[in-house]
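Descriptive structure summary
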Amino acid sequence: DLLLTQVTWDDAPATVTPPAGWTEITSIGQSATGIVQRVYWRIRSNTEPASYTWSFSKSVHGALILADLTGVDTKQAINASGGQTGSGTALFAPEVASAYTNGMIVSFFGSTGVASAIVPQASMTTASTTSAVSGATGVQLALAYEAIASDGLTGLRTATGASGTYAGQTI
């Protein structure tokens, strides 16, 4: 199994420390005080702990999604990644160049727009959504995936949500 974790928070100067054994795939941030999103991976072992602890350097509005993907070729689990940031109600995760046929893309969306949940495009299956909201501040997250039949460029993936700064990543 491939374990993926999306960690998103709303305060760029803060840093996060992952548990031992997790490898960062990508990290993007909007600005010195905006949204930050990091994606980590690891291959699941037979001795996984009951829980993991992610530590922040200071208090933030942050959330994470942990996905357990089965049937993954662990020798070539991840072959492309990309990310982008922006603002508004339309959220984008960039296209990537897949090197394999019959694969899957996973897109991660995070936004400081907290008035409504993030909804990925209809072609994608939404695996999870979550939020860390206090009053009018915080973050919304969504993780979605889609099978791809051929190698080459995957195309841009989109989602909608409340207006805010966003981060979108695709692997």
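In what follows, the structure referred to is the one given above.
First, a word on what this report is: a plain description of the structure on this page. (Residues numbered from 1 in each chain as written. Predicted model: local features only at pLDDT ≥ 70, side-chain atom pairs only at ≥ 80, totals over all residues. Heavy atoms only, no water.)

**Side note on the overall build of the chain**
Operational definition: The helix count covers DSSP runs of H or I at least four residues long, the strand count covers runs of E at least two residues long, and both are numbered beginning at the N terminus. Partly exposed describes any residue whose relative accessible area lies between the buried limit of under 20% and the exposed limit of over 50%, with all areas from a 1.4 Å probe on protein chains only and scaled to the type maximum. Only heavy atoms enter the contact rule, under which two residues are in contact if any of them lie within 4.5 Å. In these tables, accessible area is a Shrake-Rupley quantity obtained with a 1.4 Å probe, and a residue counts as shielded only by the protein chains included in the view. Here the positive residues are Lys and Arg and the negative ones are Asp and Glu; neither His nor the chain ends is included. Working definition for charges: the position is that of NZ of Lys, CZ of Arg, CG of Asp or CD of Glu.
Looking only at helices and strands, the chain features zero helices and 14 strands. When the elements of the chain are put in sequence order from the N terminus, they spell out β-β-β-β-β-β-β-β-β-β-β-β-β-β. Along the first, second and third principal axes, the C-alpha set of the chain runs to 45 × 35 × 25 Å. Split into buried and exposed, the 171 residues of the chain put 43% on the buried side. In the chain, once contacts between residues fewer than 6 apart in sequence are set aside, the share between residues at least 24 apart is 75%. Looking at the chain as shown, the accessible area adds up to about 7,800 Å², and 49% of this sits on carbon and sulfur atoms. Of the side-chain charges in the chain, 6 are positive and 10 negative, and the distance between the mean point of each set is 6 Å.

**Digging into the sheet that holds strand β6 (residues 62-69)**
Heads up, the condition is: Strands qualify as paired when DSSP identifies two bridges or more between them. Geometry is summarised by axes, namely lines fitted to C-alpha atoms with helices restricted to the contacting stretch, and by angles between N-to-C directions that run from 0 to 180 degrees.
On the basis of which strands lie adjacent, the open sheet formed by four strands has the order β3-β4-β1-β6 and antiparallel pairing. Each having just a single partner strand, β3 (23-29) and β6 make up the two edges of the open sheet. Averaged over all pairs of adjacent strands, the angle between strand axes in this sheet comes to 15 degrees, irrespective of strand direction.

**Considering the environment of Ala-77**
Relative to the assigned elements, Ala-77 resides in the loop between β6 and β7 (82-93). The partly exposed category is assigned to Ala-77, whose relative accessible area is 24%. Taking the C-alpha atoms as reference points, Ala-77 and Ser-134, separated by 57 residues in sequence, lie 36 Å from one another. If near-sequence neighbours (up to four positions away) are discounted, Ala-77 is found in contact with Leu-2, Ile-43 and Val-72.

**A word on the pattern of salt bridges**
Selection criterion: For this document, the term salt bridge refers to a Lys or Arg side-chain nitrogen within 4 Å of an Asp or Glu carboxyl oxygen.
This model, assessed by the stated rule, comprises five salt bridges. One salt bridge in this structure joins Asp-11 and Lys-58, with 3.0 Å as the shortest N-O distance. With a gap of 47 residues between them, Asp-11 in the loop between β1 (2-9) and β2 (16-17) and Lys-58 in the loop between β5 (55-56) and β6 connect regions that are remote in the sequence. Assessed through its relative accessible area of 17%, Asp-11 is described here as buried. Between Arg-42 and Glu-48 there is a salt bridge, with the nearest N and O atoms lying 3.3 Å from each other. Arg-42 sits in the buried class, given a relative accessible area of 16%.

**Remarks on the packing of aromatic side chains**
Filter applied, for reference: A pair of Phe, Tyr and Trp rings is counted when the ring centres sit within 6.5 Å of each other, with Trp represented by its six-membered ring. The angle between the planes then sorts it: under 30 degrees is stacked, over 60 is edge-to-face, the rest tilted.
Enumeration over the complete set of coordinates arrives at five aromatic pairs. Plain terms: the ring middles of Tyr-40 and Trp-54 are 5.1 Å apart, the flat faces sit at 55 degrees to each other, and that makes the pair tilted. Taken as a pair, Tyr-40 in strand β4 (residues 36-43) and Trp-54 in the loop between β4 and β5 lie far apart in primary sequence, 14 residues in all. Grouping residues by exposure puts Tyr-40 and Trp-54 together as buried. Put simply, the rings of Trp-22, Tyr-40, Tyr-52 and Trp-54 pair up and form one aromatic cluster.

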